[in-house]
Amino acid sequence: MNNNEVDKRNILDKEPFSYKLTKDKKIFIYWNGKQVTILKGKESQRFLDKIKSADVKEVQLILAKITGNFKHGNEKDNKIK
């Protein structure tokens, strides 16, 4: 499956995800500047291995999947209107 099919609304083009690697190999993952999760140990190493040859959009998709913060387009809007 190609990235364009996965991210039909091009949300990942805005690069909402970022990460910071610490000296002790912990990875802090951020969504829109807010820390959402921390990877450590084997999880951290798997992430680093996955992103070695990934382009920017692929890294965004990997981060989205790790955090579970990836919209599929079928969520209901729970806001009161």
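The following refers to the structure shown. (Residues numbered from 1 in each chain as written. Predicted model: local features only at pLDDT ≥ 70, side-chain atom pairs only at ≥ 80, totals over all residues. Heavy atoms only, no water.)

Moving on: the sheet that holds strand β2 (residues 27–31). Here we have three strands laid out as an open sheet, ordered β1-β2-β3, and antiparallel in their pairing. Each of the sheet's edge strands pairs with one partner strand only, and the pair in question is β1 (17–21) and β3 (34–39). Pairwise comparison of adjacent strand axes, ignoring direction, gives a mean angle of 25° for this sheet. Strands β1, β2 and β3 of the sheet are contacted by helix α3 (residues 56–67), whose axis makes an angle of about 85° with β1. (Pairing = 2+ DSSP bridges. Helix = DSSP H or I, 4+ residues; strand = E, 2+ residues; numbered from the N terminus. Axes fitted to C-alpha atoms, helices over the stretch in contact; angles between N-to-C directions. Contact = heavy atoms within 4.5 Å.)

Next up on the list: α3. With 12 residues, α3 should cover 16 Å at 1.5 Å per step; its first-to-last C-alpha distance of 17 Å lies within 8% of that length. You can read the cap of α3 off the contacts: a side-chain oxygen lies 3.1 Å from the backbone nitrogen of Lys57, and it is on Asp55. Within two residues after α3, Gly68 carries a phi angle of roughly 75°, on the positive side. (Expected span 1.5 Å × (residues − 1). Polar contact = N/O pair within 3.5 Å; in protein donor to acceptor, adjacent residues only side chain to side chain.)

Bringing the nonpolar core into the picture now. General note: in soluble globular proteins, nonpolar side chains tend to be found buried as a group. Counting 13 residues, the largest nonpolar core has Ile27, Phe47, Ile51 and Leu63 as its most contacted members. Among the secondary structure elements, those contributing two or more residues to this core are β2, α2 (42–51) and α3. In terms of residue count, α3 provides more of this core than any other element does, five residues in total. Sequence-distant contacts of Phe47, that is, excluding residues within four places in its chain, are made with Tyr19, Ile27, Leu39, Ile62, Leu63 and Ile66. (Core = buried A, V, L, I, M, F, W, Y, C linked by side-chain atoms within 4.5 Å. Buried < 20%, exposed > 50% of the residue type's maximum accessible area, 1.4 Å probe, protein only.)

Following the criterion strictly, the structure yields two salt bridges and no others. Across the pair Lys57 and Asp13 runs a salt bridge, and its minimum N-O distance is 3.1 Å. Taken together, the residues Lys57 in helix α3 and Asp13 in the loop between α1 (3–6) and β1 connect sequence positions 44 residues apart. The partly exposed category is assigned to Asp13, whose relative accessible area is 46%. For Lys52, the salt bridge identified is with Asp49, shortest N-O distance 3.7 Å. On the basis of relative accessibility, which here comes to 67%, the residue Lys52 falls in the exposed class. Overall, Asp49 belongs to the partly exposed group, its relative accessible area being 40%. (Salt bridge = Lys/Arg side-chain N within 4 Å of Asp/Glu carboxyl O.)

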